[in-house]
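Spelled out from the first residue to the last, the chains are:
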Amino acid sequence: MKYYKVSNSGFDRKVIVAYSGYEALGFYLMEIDDQLGFVDAIDVEEVDADERVEISYTGYPVYKTLQELHQEKDFWEVPNVVVEVE
């Protein structure tokens, strides 16, 4: 399993856990199918599992790694969205 940051022209960025970049791309396209009416330029970038992401709980920033966020999820299905990035 690897982590991929996928975005559509810089918008709707998500970190997806998948076995390959192609699998992450296909899952991303299925996720945004109903949300966006266009697909322009999709960027897929592999990121390290130890990359820290800022999560805000009641105004205080908390930092967690992508691997920690994935392990906290109830479902361990692959591919799956780990976190949406702003």
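To be clear, the structure that these remarks concern was listed above.
Let us look at the structure shown here.

Strand order in the open sheet formed by 4 strands is β3-β1-β2-β6, and the pairing between neighbours is antiparallel. This sheet does not close on itself; its edge strands, each paired only once, are β3 (42–47) and β6 (80–85). The average undirected angle you get between the axes of adjacent strands in this sheet is 25 degrees. Where strand β1 (residues 2–8) lies against β3, 6 bridges are found, and the strand directions are antiparallel. Among the inter-strand pairings, N8 is bridged to a residue of β3, identified as I42. Running at roughly 135 degrees to strand β2 (residues 11–18), helix α1 (residues 21–32) makes contact with β1, β2, β3 and β6 of the sheet.

Criteria and cut-off values
- Residues numbered from 1 in each chain as written.
- Predicted model: local features only at pLDDT ≥ 70, side-chain atom pairs only at ≥ 80, totals over all residues.
- Heavy atoms only, no water.
- Pairing = 2+ DSSP bridges.
- Helix = DSSP H or I, 4+ residues; strand = E, 2+ residues; numbered from the N terminus.
- Axes fitted to C-alpha atoms, helices over the stretch in contact; angles between N-to-C directions.
- Contact = heavy atoms within 4.5 Å.

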